[in-house]
Amino acid sequence: MRTIVCMLVAVAALMAGYPQAAHGQVRAKAVVTCVSAGQVLQYNCTIRLANARSGEPLSGLTVSVGAEMPSMPGMHNVRPVTAIEQAEKGVYQARLELEMHGDWAVQVDLRGAVRDRVIAMLRFEGAEVTDVKSSPGRHSH
Ligand SMILES: [Cu+2]
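Residues numbered from 1 in each chain as written. Predicted model: local features only at pLDDT ≥ 70, side-chain atom pairs only at ≥ 80, totals over all residues.

Caption draft 1: Structural detail: the overall build of the protein. Across its full length, the protein holds 2 helices and 8 strands. Going through the 141 residues of the protein one by one, you find that 19% of them count as buried. (Helix = DSSP H or I, 4+ residues; strand = E, 2+ residues; numbered from the N terminus. Buried ≥ 20, exposed ≤ 12 C-beta atoms within 10 Å, placed from the backbone.)

Written as structure tokens, this is what we have:
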């Protein structure tokens, strides 16, 4: 009994001695590409997830995808959808249904072995989806 207590104390001391373990968690790199799903404002999005440091694919995560319009905070309410991992490891797919065309911040939330949030800025214009670089959001109703 006493040895078990001693071991527990040792483990606790070890954890306390390495506070960076909590901060050294894996960060994710996400490449988000969306294409028209054939219906207005519906898009099929592919999310490639990799360990930002090693480039290893991040497999087996729970991935949800939502979207916000930075030019109109709180005005749109796109319900996050769960992305399904494909046969290729680290590649997830989700169908996104937007409320209007324009620049959207696509939010990818990861849970499981890796917890992280990655945001991709994309411009949705009809069937065309392009990356938004540093250009200011274009927005018109
Ligand atoms: Cu809007």
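On we go from here.
Caption draft 2: Summary view of the confidence of the model for the protein. Scored by pLDDT, the protein comes out at a mean of 84, with 77% of its residues at no less than 70. Below a pLDDT of 50 lies the segment residues 1–22, which in the model reaches 0 contacts outside its immediate sequence neighbourhood of four places, other chains included. (pLDDT = per-residue confidence, 0-100. Contact = placed C-beta atoms within 7 Å.)

Caption draft 3: Representation of the environment of Glu99 in the model. On the secondary structure map, Glu99 appears in the loop between strand 5 (91–97) and strand 6 (102–111). Classification of Glu99 by C-beta neighbours within 10 Å gives partly exposed; the count is 14. As for Glu99 and Leu41, which are separated by 58 residues in sequence, their C-alpha atoms are 6.7 Å apart. Among residues more than four places away in sequence, those in contact with Glu99 are Leu41, His76 and Val78.

Caption draft 4: Representation of the environment of Val118. With respect to the helices and strands, Val118 occurs in strand 7 (residues 116–125). Separated by 69 residues in sequence, Val118 and Leu49 place their C-alpha atoms 9.7 Å apart. Ignoring sequence-local partners within four residues, the contact set of Val118 consists of Ala28, Ala30 and Val108.

Caption draft 5: Inspection of the pairing of strand 1 (residues 28–36) at higher detail. One ladder, built from 9 bridges, connects strand 1 with strand 2 (residues 42–51); its direction is antiparallel. Each bridged residue has a counterpart across the sheet, and for Cys34 the counterpart in strand 2 is Cys45. Taking the residues that link successive antiparallel strands as the turn, the strand 1-strand 2 hairpin has 5 residues, and the phi of Gly38 there is positive, at about 95°. (Pairing = 2+ DSSP bridges.)

Caption draft 6: Representation of the nonpolar core within the structure. Val32, Cys45, Ile47, Val65 and Val106 are the most contacted members of the largest nonpolar core, which has 25 residues in total. Looking at this core, the elements that each hand over two or more residues are strand 1, strand 2, strand 3 (62–68), strand 5, strand 6 and strand 7. When residues no more than four places from it in sequence are discounted, the contact partners of Val65 are Cys45, Ile47, Pro80, Val81, Ala83, Ala94, Leu96, Val106 and Val108. (Core = buried A, V, L, I, M, F, W, Y, C linked by C-beta atoms within 7 Å.)

Caption draft 7: Expanded view of the sheet that holds strand 5. Strands sit in the order 1-2-5-4-3-6-7-8 across an open sheet of 8 strands; the sheet is antiparallel. Because the sheet does not close on itself, it has two edges, and the strands there are strand 1 and strand 8 (128–131). Direction aside, the axes of adjacent strands within the sheet are offset by 30° on average. As judged from the 7 bridges shared by strand 2 and strand 5, these two strands associate in the antiparallel manner. Each residue of the ladder has a partner; that of Cys45, found in strand 5, is Ala94. (Axes fitted to C-alpha atoms, helices over the stretch in contact; angles between N-to-C directions.)

Caption draft 8: Region of interest: unusual backbone geometry. Notably, Leu41 is not glycine yet its phi reads approximately 65°, a positive angle. With respect to the element layout, Leu41 can be found in the loop between strand 1 and strand 2.

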